[in-house]
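# Structural characterization, general
Given next are the chains, with one letter for each unit.
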Amino acid sequence: MKYLKTLLMTSVIGLTALPALAQQNIVWWDFLSGGDGVRMKALIDGFNKEHPDIQISGTTLEWGVPFYTKVRTSVAVGEGPDVMTYHLSRAPLGLEEGVLSEITDEDMKNAGLSRGDFFEAPIKAATYDGKLYAVPFDIHAIILYYNADALKGSPYLDDNGKLTGIKTLADFEGALKWLKDNGMETPLTYQTGGDGGVWRVFYTLLKQQGGEFIADGQVLPGDNAAKAAKAIQTMTHWQEEGWAPQQAEYEASVALFSSGKSAFQLNGVWEVPTFNDLEASGKLGFKWGAVEIPPLMGQPATWADSHAFAIPNQGDKTISGEKRKAVMEVIGWMEKHAIKWASAGHIPAYKPVTESDEYKGMEPNATYASLAAHAAYDPQTRVTGVASPAYDAAINIISPAIHGYMSPEDAVTQIQEELQGQLK
Amino acid sequence: MAMIENRRKKSLIALSMVAPFVITFTLFFLYPVVEMVRLSFTDAPLIGPGNWVGFDNYVKLITDRLFITSLKNNGYFILLTVVPTTIIALMIALAVNRLKGGMQALVMTLFFLPYVLPVSVVTEIWAWMLDFQFGVLQPLISLISGKPVAVFKNPYWVMPTVAVVTIWWTNGFNVLLFIAGLRNIPKELYEAAALDGATSFQRFRRVTWPLLWPVTALVLTLQLILQLKIFDQIYLLSQGGPFNSSYVLLLKVYREAFQLNHGGYSSAVATVLFVLIAGVSVLQFQLLRIRRG
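Residues numbered from 1 in each chain as written. Chains lettered and ligands numbered in written order. Predicted model: local features only at pLDDT ≥ 70, side-chain atom pairs only at ≥ 80, totals over all residues. Heavy atoms only, no water.

Take the overall build of chain B next. If you tally the helices and strands in chain B, you get twelve helices and zero strands. Listing the helices and strands of chain B from first to last along the sequence gives α-α-α-α-α-α-α-α-α-α-α-α. By the burial criterion, 42% of the 293 residues in chain B qualify as buried. Taking the intrachain contacts of chain B between residues at least 6 apart in sequence as the baseline, contacts between residues at least 24 apart amount to 67%. One finds the centroid of the 23 positive side-chain charges in chain B at a distance of 9 Å from the centroid of its 12 negative side-chain charges. (Helix = DSSP H or I, 4+ residues; strand = E, 2+ residues; numbered from the N terminus. Buried < 20%, exposed > 50% of the residue type's maximum accessible area, 1.4 Å probe, protein only. Contact = heavy atoms within 4.5 Å. Lys, Arg positive; Asp, Glu negative; His and termini not counted. Charge placed at Lys NZ, Arg CZ, Asp CG, Glu CD.)

Printed below as a string of structure tokens:
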């Protein structure tokens, strides 16, 4: 089959144009769907148009465990892609599995990049033992979306219609109470019946207390357990007061906000294009904004992760030479054109783009860009990160706990029992 | 001499006829099974070799709380499905058997239809119907429990609900088996029984039931094997939660291997499941045969 393909390829190339013989074909895998996927495909098309000598053929695979399993198995037999997207939070397991090849300084030079061009947090999350294993593309975090029209008449809106006066948990809950008293059924929405939404909010509330989920190989050691319990307690309280929706699946949680039934939403920056598009087509029906999550529990911190580009380590078949150069050229081009990626809500990890005037003019992106300084990444362990046992614990333990099936303290104990054994 | 040659020729022909099966069986079943058992004694990752660790994985299994939970949940699920699904299938088959011609074909098709659907479609349909916020079945649940229930996120509802979905999905096949069994019962027996003045209950008890028993034993055994292997519905509907109340053995195999890169340990779980299925199903089939005798 492969020979047949090669044969066909060569004959087609031979028939069309001779100079094209030097063309590099880059096999690209990603897991980006929805608005992310549309924007990434546009970027790939843009690159292909500008570079007749390098052509990317992209494939989008299923997000999460299926993607990482596919990478693992295909790389083992040398049939992996030339370049792929990777969550930095998933890098520890990738390294353990040996599927990431080191991005050397020379590679970076070939891409026209240097480590100093990037925000510190994602670079740190991509570096192990001083070696870089992926090139960060963005920082994506959760933010606080608000419906300005719903807050009209409350003390939480300034003269310009911007959110104001929410600096502590008491302020925030005051606003939720005000909304409830004024007839809003579900003032705050987030994905309460799913792993991602629950984990991100929980982790944010934990980090805002200065808590560590895993330290020195221990799950929630010392007073971190109490901090985790407090985080769960807070989420439970929102539930008990009827401020947050019961068992909302992801789509339902977004719909609650876009339909105006919730005035606040805790969700990823990736939903920004949804509301931008709805607003542009006149279907939203209210003014909205988004800010970095206020330091509800004391100090600023926000759950964050990064999409990054990585080159699979396939033993003898790991790409090298001209092909590797071409791949690095692709990565460099993507980084420099990340402004298009920013329109998907993400904060580009490549600072020159984030610092550009064009980015600063983007709203609400520029408003919440401040969170890059407080981005709290998942601990670098094998049990945390996207589609990890920590996410399982979020849906399996934390979500039932905030719905009243279990006390926050018991939930913390169960998380410890569940994850501690898997840390090895 | 000619006889021997003939016999040799015959066995060659026989061999060539069974060869395709033997080869496929060895390559795609026997070899993987042997590999699985071998891997279960190593600390291998998902891909690649590992070190020999003897019975370490099995010793670890005994103290693995999640493994014990999975084992219990598998047992619970079997209780919820195997006998109920057999009884339901029998009742449907008896009812369908009374219908005639086109009507019978139509009703049979309707019962068989869900079985044709892939599991993803089945779970999607039920997830929609039972959705906490918008599900059309929530009013029905409210009738029973007084308020809407997020069934797949409630530790008490999750397994029974998955059982209902599974029975709805797979029952068509069992109905078909029972109908085939019913059709195999000679009509004369019923006529003779009727002549002797047997009531319809007596006819069922003395004619239908004993003659249908082999099929019943088959259905029970097939269901036992099938339900021990429960995975897809759980993976798609509840991911093993909440509080691991729907965590099952195959989910454990999957998570250990693909999420945590523990090939060896996951093989140990798979081996236990394999032995369990082989042991329990043989035992059950033998027991059912004794009862019949």
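And the narrative resumes.
Let us now look at helix α2 (residues 56-63) of chain B. All names here are of chain B. Looking only at α2, the buried set comprises Asn57, Tyr58 and Leu61. When α2 is viewed along its axis, its buried side chains cluster within an angular range of 95 degrees and face the same direction. Residues Val59, Ile62 and Thr63 are exposed on α2 and point more than 90 degrees away from its buried face. (Arc of directions from axis to C-beta.)

So, on to helix α11 (residues 249-259) of chain B. Each turn of an α-helix holds 3.6 residues, which means side chains three or four residues apart point in the same direction. With nine of eleven residues buried, α11 of chain B lies mostly within the body of the structure. Taken as a whole, α11 of chain B has its buried residues at Leu249, Leu251, Lys252, Val253, Tyr254, Arg255, Glu256, Ala257 and Gln259 of chain B.

The subject of this paragraph is the interface of chain B and chain A. Interface size, as often reported, equals the accessible area lost upon joining of the parts. Counting residues at the interface gives 26 residues for chain B and 33 residues for chain A. Taken together, the two surfaces of chain B and chain A that pack against each other cover about 2500 Å², and 53% of this comes from carbon and sulfur. Three residues, Lys153, Phe243 and Gln259 of chain B, lead the burial of chain B against chain A; their summed loss comes to 29% of the area buried on that side. On the surface where chain B and chain A come into contact, there are four salt bridges. Lys153 of chain B is the salt-bridge partner of Glu249 of chain A, the closest N and O atoms lying 3.2 Å from each other. (Buried area = accessible area lost by both parts, 1.4 Å probe. Salt bridge = Lys/Arg side-chain N within 4 Å of Asp/Glu carboxyl O.)

What follows covers the pattern of salt bridges. Scanning the entire structure with this criterion turns up 14 salt bridges over all chains. With its nearest N and O atoms 3.6 Å apart, the salt bridge here joins Asp223 of chain A to Lys227 of chain A. What emerges from the salt-bridge pattern is a single network uniting Glu417 and Glu418 of chain A together with Arg65 of chain B.

This brings us to the sheet that holds strand β2 (residues 54-60) of chain A. Residue and element names in this part refer to chain A. Here five strands make up an open sheet; going across it, the order is β2-β1-β3-β14-β6 and the pairing mixed. A single partner strand is all that each edge strand has here, and the edge strands are β2 and β6 (135-136). Where strand β3 (residues 83-87) meets strand β14 (residues 307-310), four bridges bridge the pair, whose relative direction is antiparallel. The partner of His87 across the bridge, within β14, is His307. (Pairing = 2+ DSSP bridges.)

This brings us to unusual backbone geometry. Note the cis peptide between Glu363 of chain A and Pro364 of chain A, where omega equals 0 degrees. In the segment running from Gly241 of chain B into Pro242 of chain B, the intervening peptide bond is cis, with an omega of -15 degrees. Mapped onto the elements of the fold, Pro242 of chain B is located in the loop between α10 (232-237) and α11. Unusually for a residue other than glycine, Ala387 of chain A sits at a positive phi of about 55 degrees. Despite not being glycine, Asn261 of chain B has its phi angle at roughly 65 degrees, a positive value. Tracing the backbone through its elements, the reader meets Asn261 of chain B in the loop between α11 and α12 (263-292). The buried category is assigned to Asn261 of chain B, whose relative accessible area is 5%.

Okay, the packing of helix α9 (residues 224-240) of chain A against helix α18 (residues 408-420) of chain A next. Residue and element names in this part refer to chain A. One way to put it is that α9 packs onto α18 with a least axis distance of 8 Å and a crossing angle of 125 degrees. Relative to α18, the element α9 lies oblique. Both α9 and α18 take part in a crossing whose hand is right-handed. Of the residues in α18, those in contact with Ala225, Ala228, Ala229, Ile232, Gln233 and Thr236 of α9 are Pro408, Glu409, Ala411, Val412, Ile415 and Gln416. Tallied by class, residues from the contact of α9 with α18 come to eight nonpolar, three polar and one charged. (Axes fitted to C-alpha atoms, helices over the stretch in contact; angles between N-to-C directions. Parallel < 35°, antiparallel > 145°, perpendicular 65-115°, else oblique. Left-handed = near helix turned anticlockwise from the far one by under 90°. Nonpolar A, V, L, I, M, F, W, Y, C, P; charged D, E, K, R; others polar.)

Under the counting rule described, the total for this entry stands at 40 aromatic pairs over all chains. Seen in terms of ring centroids, Phe118 of chain A and Tyr350 of chain A are 5.6 Å apart; in terms of plane orientation they differ by 55 degrees. Their pairing is tilted. Of this pair, Phe118 of chain A sits in the loop between α5 (105-111) and α6 (120-126) while Tyr350 of chain A sits in the loop between β15 (347-348) and α14 (351-354), placing them 232 residues apart in sequence. Phe118 of chain A sits in the buried class, given a relative accessible area of 3%. The exposure class of Tyr350 of chain A is buried, given its relative accessible area of 9%. Between Trp209 of chain B and Trp213 of chain B, the aromatic rings sit 5.5 Å apart at their centres with planes inclined by 65 degrees, giving edge-to-face as the arrangement. (Phe/Tyr/Trp six-rings, centres within 6.5 Å; stacked < 30°, edge-to-face > 60°.)

Taking a probe equal in size to a water molecule and rolling it over the atoms shows the remaining empty space. By the definition in use, this model includes five cavities of 30 Å³ or more. Space inside the largest cavity adds up to approximately 120 Å³. Around the largest cavity sit 15 residues that line it, and Asp392, Glu418 and Gln422 of chain A together with Tyr247 and Arg255 of chain B are the ones nearest its centre. Broken down by secondary-structure element, the contributors of at least two residues to the lining of the largest cavity are α17 (389-402) and α18 of chain A together with α11 of chain B. Residue composition of the lining of the largest cavity, grouped by class: six nonpolar, four polar and five charged. What the second largest cavity holds in volume is close to 80 Å³. For the second largest cavity, the full set of lining residues is Gln247, Ile395, Ser399, Pro400 and His403 of chain A together with Phe152, Lys153, Ser238, Gln239, Gly241 and Pro242 of chain B. Tallied by class, residues from the lining of the second largest cavity come to four nonpolar, six polar and one charged. (1 Å grid on protein atoms, 1.4 Å probe; cavity = no way out; pocket = protein on both sides within 12 Å on 5 of 7 lines; lining within 4 Å. Points joined across faces, edges and corners; volume = space filled by probe spheres on them.)

This paragraph deals with the confidence of the model for chain B. Residues at a pLDDT of 70 or more form 97% of chain B, whose mean pLDDT is 91. Predicted as a complex, the structure gets a pTM of 0.84 and an ipTM equal to 0.74. (pLDDT = per-residue confidence, 0-100.)

This brings us to the environment of Leu46 of chain B. Considering the arrangement of structural elements, one finds Leu46 of chain B in the loop between α1 (2-39) and α2. As a C-alpha pair, Leu46 of chain B and Leu66 of chain B span 20 residues in sequence and 20 Å in three-dimensional space. For Leu46 of chain B, the residues in contact, after removing those within four places along its chain, are Arg72 of chain A together with Ala257, Phe258, Asn261 and Gly263 of chain B.

This part covers the nonpolar core. Core analysis: the biggest nonpolar cluster contains 170 residues, and Met40, Phe202, Phe213, Trp238, Phe264 and Met334 of chain A have the highest contact counts within it. Sequence-distant contacts of Phe202 of chain A, that is, excluding residues within four places in its chain, are made with Phe213, Ala228, Ala231, Ile232, Met235 and Ile398 of chain A. Listed in part, the 21 residues of the second largest apolar core include Ala217, Leu228, Ala268 and Val269 of chain B. (Core = buried A, V, L, I, M, F, W, Y, C linked by side-chain atoms within 4.5 Å.)

Residue Pro242 of chain B is classed as buried on the basis of its relative accessible area, which comes to 3%. If near-sequence neighbours (up to four positions away) are discounted, Pro242 of chain B is found in contact with Asn396 and Pro400 of chain A together with Phe152, Lys153, Asn154, Pro155 and Val158 of chain B.

Here we take up the pairing of strand β11 (residues 264-268) of chain A. Residue and element names in this part refer to chain A. The buried fraction of β11 amounts to five of the five residues, a majority that puts the element mostly inside the structure. Note: strand β7 (residues 138-147) against β11, five bridges, orientation antiparallel. Residue Tyr145 lies in a different strand from β11, and its bridge partner there is Gln265.

As a further point, take a nonpolar patch on the surface. All names here are of chain B. The grouping of Leu12, Leu15, Val18, Phe21, Val22, Phe25, Phe29, Leu30, Val34, Phe274 and Val275 at the surface amounts to a nonpolar patch, some 1000 Å² of accessible area in total. Taken together, the elements giving at least two residues each to the nonpolar patch come down to α1 and α12. Checked against the element boundaries, Leu15 lands in helix α1. (Patch = residues over 30% accessible without salt bridge, like charges linked within 9 Å, V, L, I, M, F, W, Y side chains within 5 Å. Areas by Shrake-Rupley, 256 points an atom, 1.4 Å probe, with all protein chains shown as cover.)

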